[in-house]
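Letter by letter, the chains look like this.
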Amino acid sequence: MTQNIFDNENFFNGYRELRNHDTCMNDLLEQPAMKKMLPDLKEKTVLDIGCGYGHNCLDFIERGAKKVIGIDISEKMLDVAKKESANPDIEYRQMNMNQISSLDTKFDFVYSSLAIHYAEDFKKLMRDIFGVLNNNGILLYSQEHPIMTATIDENISHFNFDENGNRVSFTFSDYNRSGMRKIHWFGEEIIKYHRPMGEILTGIAGSGFIITEVVEPLPEPWAVEKSPDIVREYIKSNFLIIKAAKR
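Residues numbered from 1 in each chain as written. Predicted model: local features only at pLDDT ≥ 70, side-chain atom pairs only at ≥ 80, totals over all residues. Heavy atoms only, no water.

(A) Focus on the pattern of salt bridges. The final tally for this structure, using the stated rule, is 12 salt bridges. In this structure, Asp 128 and Lys 124 form a salt bridge, with 2.5 Å as the shortest nitrogen-oxygen distance. Highlighted residues: Asp 128 and Lys 124, both in helix α5 (residues 122–132), separated by 4 residues, approximately one helical turn. Here Asp 128 falls in the buried class, since its relative accessible area comes to 11%. A residue is classified by how much of its surface remains accessible, and Lys 124, at 26% relative accessible area, is partly exposed. Between Asp 229 and Arg 167 there is a salt bridge, and its shortest N-O distance comes to 2.6 Å. (Salt bridge = Lys/Arg side-chain N within 4 Å of Asp/Glu carboxyl O. Helix = DSSP H or I, 4+ residues; strand = E, 2+ residues; numbered from the N terminus. Buried < 20%, exposed > 50% of the residue type's maximum accessible area, 1.4 Å probe, protein only.)

Right under this line is the structure:
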């Protein structure tokens with residue numbers, strides 16, 4: 001069972017406050033890149049895994065999707081989604097991502113933003129996603145980059161600076177040691193899972209997908225203007241985005 005830290009009151013409030021800032025990395029880097037990679041959604045049926053507040057579900061409807069099912073393990077997240085991102089053609093379900101094979105709907109598009117690094121059994125999840133997709137269906141998902149999830153001791157992972165205070169490199173370790181990682185965020189212990197790039201790509205391809213795009217997003221000029229410190233992404237990637245097709 002995937003950890004449900006988002007229903008912890010302190011964590012939920014801290015995370016919501018973070019996402020309300022317009023300099024959040026999700027909004028400056030990950031979401032703009034994901035939106036560029038979206039397929040044509042007109043009259044499509046969509047599954048959003050880890051839908052959170054439902055903002056993307058509503059966006060999919062506005063882009064012409066016929067039906068969207070958003071799933072999330074967090075009751076608190078879904079409560080917000082039902083208030084802020086309600087639409088007659090969106091259905092929100094409280095569900096662990098490892099249960100999607102039980103869905104009675106086939107989808108043209110499966111989407112997931114920064115949730116899949118919480119999945120313990122990646123190969124099963126990819127097989128399950130492949131199974132709920134229609135032929136010619138598309139998977140688009142983002143996760144924390146393996147550079148970011150690699151280090152077992154979170155205190156070892158850090159930027160290195162030159163004598164002028166400029167970032168020049170990034171230290172990490174344990175890249176080829178797959179498995180559980182524990183970090184601390186908003187005072188809580190968070191469990192996620194690290195996989196090297198080869199394991200990720202092989203897991204997707206081995207499930208039957210054809211990988212069409214692999215993106216490690218860089219900040220656009222407007223993002224650098226809003227948050228100059230984001231140029232650190234040229235030293236290491238924060239996110240990994242993968243698009244794949246079921247032929």
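Anyway, onward from the coordinates.
(B) Molecular detail of a nonpolar patch on the surface. Among the surface-exposed residues, Leu 218, Val 231 and Tyr 234 lie close enough to one another that they form a single nonpolar patch of about 310 Å² accessible area. In this structure Tyr 234 comes out as exposed when scored by relative accessible area, which is 55%. (Patch = residues over 30% accessible without salt bridge, like charges linked within 9 Å, V, L, I, M, F, W, Y side chains within 5 Å. Areas by Shrake-Rupley, 256 points an atom, 1.4 Å probe, with all protein chains shown as cover.)

(C) The arrangement of helix α3 (residues 55–62) in detail. What α3 keeps buried is the set Asn 56, Cys 57, Asp 59, Phe 60 and Ile 61. Buried residues along α3 sit against α2 (25–36), β1 (45–49), β2 (67–72), β3 (90–94) and β4 (107–113). Two residues or fewer past α3, Gly 64 is found with a positive phi of approximately 105°. (Contact = heavy atoms within 4.5 Å.)

(D) Looking closely at the packing of aromatic side chains. Tallying each qualifying case throughout the model produces 7 aromatic pairs. An angle of 75° between the planes, with centres 4.9 Å apart, marks the rings of Phe 60 and Tyr 111 as edge-to-face. On the criterion of sequence distance, the pair formed by Phe 60 in helix α3 and Tyr 111 in strand β4 is long-range, its members being 51 residues apart. By relative accessible area, Phe 60 is classed as buried at 0%. Owing to a relative accessible area of 2%, Tyr 111 belongs among the buried residues under this scheme. Three or more aromatic residues link up through ring pairs in this structure, and these residues are Phe 159, Phe 170, Phe 172 and Tyr 175. A cation over an aromatic ring shows up here: Arg 167 above the ring of Phe 159, its NZ or CZ 4.8 Å from the ring centre. In this arrangement the basic side chain of Lys 236 is found over the ring face of Phe 170, its NZ or CZ atom lying 5.9 Å from the centre. (Phe/Tyr/Trp six-rings, centres within 6.5 Å; stacked < 30°, edge-to-face > 60°. Lys NZ or Arg CZ within 6 Å of the ring centre and 35° of its normal.)

(E) Geometry of the nonpolar core. Ranked by internal contacts, the top residues of the largest apolar core, which has 29 residues, are Leu 47, Val 110, Ile 129 and Ile 204. Those elements giving two or more residues to this core turn out to be β1, β2, β4, α5, β5 (133–144), α7 (197–206) and β11 (239–245). For this core, the element with the highest residue contribution is α5, accounting for 6 residues. Not counting residues up to four positions away in its chain, the partners in contact with Val 110 are Leu 47, Ile 49, Ile 129, Val 132, Leu 133, Ile 138, Leu 139 and Leu 140. By size, the runner-up hydrophobic cluster in this structure holds 21 residues, among which are Met 34, Ile 61, Ala 65 and Tyr 92. (Core = buried A, V, L, I, M, F, W, Y, C linked by side-chain atoms within 4.5 Å.)

By themselves, these are just geometric observations and shouldn't be taken as functional.
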